[in-house]
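In case you want the letters, here they are:
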Amino acid sequence: MRSNNPVFSRRGFSRDNGYAGFNAAPQAGGPAGGTQQGNPYAQPAGNPYAQNPYAQQDLQYGAPQTPVTARGVMTMDDVVARTAMTLGTVVVTAVLSWLLLPVDEANLGKSYAIGVGAGLVAMVLALVQSFKRRPTPALILSYAAFEGVFLGVISSAVSTYIADGVVAQAVLGTMAVFAGVLVAYKAGWIRVNRRFYGFVMAAALGFVLLMAVNMLFAVFGGGDGLGFRSGALGIVFGVIGIILGACFLALDFKQVEDGVAYGAPREEAWLAAFGLTLTLVWIYMEFLRLLSILNSD
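Residues numbered from 1 in each chain as written. Predicted model: local features only at pLDDT ≥ 70, side-chain atom pairs only at ≥ 80, totals over all residues. Heavy atoms only, no water.

Caption draft 1: Layout of the nonpolar core. With 57 residues, the main nonpolar core has Tyr 143, Val 177 and Leu 249 as its most contacted residues. One finds Leu 101, Val 103, Ala 118 and Val 153 within the second-largest nonpolar core, a separate group that totals six residues. (Core = buried A, V, L, I, M, F, W, Y, C linked by side-chain atoms within 4.5 Å. Buried < 20%, exposed > 50% of the residue type's maximum accessible area, 1.4 Å probe, protein only.)

Caption draft 2: Representation of the environment of Val 153. Examined against the element boundaries, Val 153 turns out to sit in helix H4 (residues 137-161). According to the relative accessible area criterion, Val 153 is buried, its value standing at 1%. (Helix = DSSP H or I, 4+ residues; strand = E, 2+ residues; numbered from the N terminus.)

Caption draft 3: Region of interest: helix H8 (residues 269-296). Over its 28 residues, H8 runs 40 Å from end to end, which matches the ideal 40 Å to within 8%, given 1.5 Å per residue. Within H8, 24 of the 28 residues are buried, which leaves the element mostly enclosed by the surrounding structure. (Expected span 1.5 Å × (residues − 1).)

Caption draft 4: Representation of a nonpolar patch on the surface. A cluster of nonpolar side chains, Val 91, Val 92, Val 95, Leu 96, Trp 98, Leu 99 and Leu 100, forms an exposed patch at the surface whose accessible area comes to about 680 Å². Counting through the fold element by element, Trp 98 comes out in helix H2 (residues 76-100). Judged by its relative accessible area of 32%, Trp 98 falls in the partly exposed class. (Patch = residues over 30% accessible without salt bridge, like charges linked within 9 Å, V, L, I, M, F, W, Y side chains within 5 Å. Areas by Shrake-Rupley, 256 points an atom, 1.4 Å probe, with all protein chains shown as cover. Salt bridge = Lys/Arg side-chain N within 4 Å of Asp/Glu carboxyl O.)

Caption draft 5: Highlighting the side chain of Ser 292. As for its position among the elements, Ser 292 is in helix H8. Judged by relative accessible area, which is 9%, Ser 292 ranks as buried. Those residues in contact with Ser 292 that lie beyond four places of it in its chain are Val 158, Ile 162 and Val 166. (Contact = heavy atoms within 4.5 Å.)

Caption draft 6: Inspection of the pattern of salt bridges at higher detail. What the rule picks out here adds up to five salt bridges. The shortest N-O distance in the salt bridge between Arg 266 and Asp 78 comes to 3.2 Å. One end of the pair, Arg 266, is in the loop between helix H7 (231-261) and H8; the other, Asp 78, is in helix H2, and 188 residues separate them in sequence. Assessed through its relative accessible area of 33%, Arg 266 is described here as partly exposed. On the basis of relative accessibility, which here comes to 10%, the residue Asp 78 falls in the buried class. Among the salt bridges present, the one from Arg 289 reaches Glu 286, with a minimum N-O distance of 3.0 Å. With Arg 289 and Glu 286 both in helix H8, this residue pair falls three residues apart, about one helical turn. Arg 289 sits in the partly exposed class, given a relative accessible area of 27%.

Caption draft 7: How the structure looks around the packing of helix H3 (residues 108-130) against H8. At their nearest, the axes of H3 and H8 sit 12 Å apart, and the two run at 140° to each other. In terms of orientation, H3 and H8 fall into the oblique class. H8 is crossed by H3, and the crossing has left-handed handedness. In this structure, H3 uses Ala 126, Gln 129 and Ser 130 to contact H8, whose residues at the interface are Leu 271, Phe 274 and Leu 278. (Axes fitted to C-alpha atoms, helices over the stretch in contact; angles between N-to-C directions. Parallel < 35°, antiparallel > 145°, perpendicular 65-115°, else oblique. Left-handed = near helix turned anticlockwise from the far one by under 90°.)

Caption draft 8: Fine view of the packing of aromatic side chains. The final tally for this structure, using the stated rule, is five aromatic pairs. When the centroid spacing of 5.6 Å and the interplanar angle of 85° are considered together, the rings of Tyr 143 and Phe 274 count as edge-to-face. Of the two residues, Tyr 143 sits in helix H4 while Phe 274 sits in helix H8, which places them 131 residues apart along the sequence. The pair formed by Tyr 143 and Phe 274 is uniform in burial state, with each residue classed as buried. On the numbers, 5.5 Å between centres and 80° between planes, the contact of Phe 178 with Phe 253 is edge-to-face. One end of the pair, Phe 178, is in helix H5 (residues 166-186); the other, Phe 253, is in helix H7, with 75 residues separating them in the sequence. You can call Phe 253 buried: its relative accessible area is 8%. (Phe/Tyr/Trp six-rings, centres within 6.5 Å; stacked < 30°, edge-to-face > 60°.)

Caption draft 9: Region of the structure containing the packing of H2 against H4. The contact between H2 and H4 brings their axes to 7 Å, and the two run at 40°. Judged on the interaxial angle alone, H4 and H2 are oblique. Where H2 crosses over H4, the handedness of that crossing is right-handed. Touching Met 85, Thr 86, Thr 89, Val 90, Thr 93, Ala 94, Ser 97 and Trp 98 of H2 are Ile 140, Leu 141, Ala 144, Ala 145, Gly 148, Val 149, Leu 151, Gly 152, Val 153, Ser 155, Ser 156 and Ser 159, all from H4. Residue composition of the contact of H2 with H4, grouped by class: 11 nonpolar, nine polar and no charged. (Nonpolar A, V, L, I, M, F, W, Y, C, P; charged D, E, K, R; others polar.)

Caption draft 10: The side chain of Thr 83, seen in detail. Among the secondary structure elements, Thr 83 is positioned in helix H2. Among the polar contacts made by the side chain of Thr 83, one reaches the main-chain carbonyl oxygen of Val 79 at a distance of 2.7 Å. Setting aside its immediate chain neighbours within four residues, Thr 83 contacts Gly 88, Ala 273 and Leu 276. (Polar contact = N/O pair within 3.5 Å; in protein donor to acceptor, adjacent residues only side chain to side chain.)

Caption draft 11: Examining H3 more closely. Taking 1.5 Å as the rise per residue, H3 with 23 residues should run 33 Å; its terminal C-alpha atoms sit 32 Å apart, in good agreement. Within H3 the residues assigned to the buried category are Ser 111, Gly 115, Ala 118, Gly 119, Ala 122, Leu 125, Ala 126, Gln 129 and Ser 130. The inward-facing, buried residues of H3 contact H4 and H8.

Take a look at the structure:
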């Protein structure tokens, strides 16, 4: 599995190729031996969970192969716990940076510099983890800490100079999108398959390219660039950004579901938490930007 946010490529729960269960329903609790159709962890022959050290140990001592629900494999509790740790780190550092890095006139430059610097470090750490084949908890939590500092400074500035209460609205909006997508996914209203994946990735690529071009025009030409982040166009693209974030949440849920069903190694719960955190940060930032535009008009 390689968990990423809308900026990065998504490959589902896979070792070398393929998309986990995008064309097949998970076979939770299936047999551990033999090749399982659609299981990205299945091997051509022998133990399909050969990456699981506990399964190897069982084979060494002649014991039955470790079932999907045994120790050493990822469970939903693992994903929830790691996600809580990662998001908790983001929230704690965001609150601390809000309190310790005031954005008043006397400290605005310093606070902005620290916030932007933390954001750049978080981006680098996220890219490093995204291209690693195995999760590094320290790296993921470090990303969360620096991302929290960035979000704290930006949120404080928006609350101070645009409108008080916008941050709370953005948080509530993010929570509402998460809950709504989760309910829709569990109810079967959202079907994550290859067509869905391809559409979301194409839309996300176009969105990111447009935002990059807009930023370049803003940097070198001044003003709001092409206007994609202000006025009526800014509102439209803000809504599009939130919808894209919701689509990536559905992909995250599919990755988690398949990883649990197919017996992914427990360490990959960190990648699931990493992907969910990146997506939720994306949605929060889009809400914050959209609400800022609405309150500044």
